[in-house]
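Here's the letter readout for the chains.
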Amino acid sequence: METAIDPLVRYSMACPALPTCGLAVTESERAMPGILDRIRALLDRVGLEQEHFVTRMTGCPNGCARPYLAELGFVGQSPSSYQIWLGADPHQTRLAQPYLDNLHIDNLEAALEPLFVYFKQEKQERVEPESFGDFCDRVGFDALRRFAAAYQPTPAKVRGKYRVGVRDEVYDRLKKHATEKGVHMSEISSKAIEAYLNSIE
Ligand code: SF4
């Protein structure tokens, strides 16, 4: 049976970075799958389940995976932190621009959630479809920053940012199963935890 690949994954690219490249200041290729899982979980949570865009990541500003042509680009700036680039178009005919400096990867959801919520609001008012990169470019970074500064996450959304650790072997099995079934790891984990809690209550 053919496995469905999330377009968010299919349109993503990362450079090798650590441990292969001596110029890397942070992770890229090894971190990208987990970061895409977190972006997918966030998109699902804000009601953008069908959304996908071009995401690229590099471990340093040399940009070997062309993050400056991504709708959402991560450029390694310091350990575990990235410069965030936004606003390229989905067909790579317009360059992105730097939006945020030194975003620690632990703060990924806090930084992206307002952008996705703003994107969804605009999407609901438009007749013509618009990509995430085109949206960022159209409204402009001043508007994005204003919206992000005023944004108040709901308690439910704050709760959704919590992460749960698992042993390496459990993570590997979870990832394998999720890839084979074409579902997100967060969805499987939530169901498994819920089933366990139901069984003991
Ligand atoms: S972008 Fe930087 S870290 Fe990534 S492969 Fe190129 S030089 Fe190495």
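Before reading further, recall that the structure is shown in the block above.
Attention here is on the structure that accompanies the text.

**Structural notes on the environment of Phe132**
Line of reasoning, step 1. By secondary structure assignment, the location of Phe132 is in helix 4 (residues 132–139).
Line of reasoning, step 2. Distance from Phe132 to Asp89, taken between C-alpha atoms, is 8.2 Å for residues 43 residues apart in sequence.
Line of reasoning, step 3. Apart from residues lying up to four places away in sequence, Phe132 is in contact with Phe53, Glu71, Leu72, Leu86, Leu115, Phe116 and Phe119.

**As for the pattern of salt bridges**
Line of reasoning, step 1. As enumerated under the stated definition, the model contains 11 salt bridges in all.
Line of reasoning, step 2. The closest approach of N and O atoms between Asp6 and Arg40, which form a salt bridge, is 2.7 Å. Taken together, the residues span a long stretch of sequence, with Asp6 in the segment before helix 1 (7–10) and Arg40 in helix 2 (residues 32–45) at a distance of 34 residues.
Line of reasoning, step 3. Where Asp44 meets Arg40, a salt bridge forms, and the shortest distance between an N and an O atom there is 3.6 Å. With Asp44 and Arg40 both in helix 2 and 4 residues apart, this pair spans about one turn of that helix.

**Comments concerning the packing of helix 3 (residues 108–125) against helix 4**
Line of reasoning, step 1. Their axes nearest at 11 Å, the elements helix 3 and helix 4 cross at an angle of 90°. Considering their axes alone, helix 3 and helix 4 lie roughly perpendicular with respect to each other. Together, Leu115, Phe116, Tyr118, Phe119 and Glu122 of helix 3 and Phe132, Phe135, Arg138 and Val139 of helix 4 make up the contact between the two elements.
Line of reasoning, step 2. Of the residues assigned to the contact of helix 3 with helix 4, the class counts are 7 nonpolar, no polar and 2 charged.

**Comments concerning helix 2**
Line of reasoning, step 1. Compared with the 20 Å implied by 1.5 Å per residue over 14 residues, the 20 Å span of helix 2 between its first and last C-alpha is a close match.
Line of reasoning, step 2. Buried residues of helix 2: Met32, Ile35, Leu36, Arg38, Ile39, Arg40, Leu42 and Leu43, and no others.
Line of reasoning, step 3. Check the buried side of helix 2 and you find it contacts helix 1, strand 1 (12–14), strand 2 (55–58), strand 3 (72–78) and helix 3.
Line of reasoning, step 4. The positive-phi residue at the C-terminal boundary of helix 2 is Gly47, with phi of around 90°.

**A closer look at unusual backbone geometry**
Line of reasoning, step 1. The amide bond that connects Leu18 to the next residue, Pro19, takes the cis arrangement and shows omega of 5°.
Line of reasoning, step 2. In this structure, Pro19 sits in the loop between strand 1 and helix 2.
Line of reasoning, step 3. One non-glycine residue with positive phi stands out, namely Gln92, at about 60°.
Line of reasoning, step 4. Relative to the assigned elements, Gln92 resides in the loop between strand 4 (81–86) and strand 5 (97–104).
Line of reasoning, step 5. The class for Gln92 is partly exposed, based on a relative accessible area of 27%.
Line of reasoning, step 6. With phi around 50°, Asn102 is a residue other than glycine that occupies positive phi space.
Line of reasoning, step 7. Relative to the assigned elements, Asn102 resides in strand 5.

So, how was this worked out
Residues numbered from 1 in each chain as written. Predicted model: local features only at pLDDT ≥ 70, side-chain atom pairs only at ≥ 80, totals over all residues. Heavy atoms only, no water. Helix = DSSP H or I, 4+ residues; strand = E, 2+ residues; numbered from the N terminus. Contact = heavy atoms within 4.5 Å. Salt bridge = Lys/Arg side-chain N within 4 Å of Asp/Glu carboxyl O. Axes fitted to C-alpha atoms, helices over the stretch in contact; angles between N-to-C directions. Parallel < 35°, antiparallel > 145°, perpendicular 65-115°, else oblique. Nonpolar A, V, L, I, M, F, W, Y, C, P; charged D, E, K, R; others polar. Expected span 1.5 Å × (residues − 1). Buried < 20%, exposed > 50% of the residue type's maximum accessible area, 1.4 Å probe, protein only.

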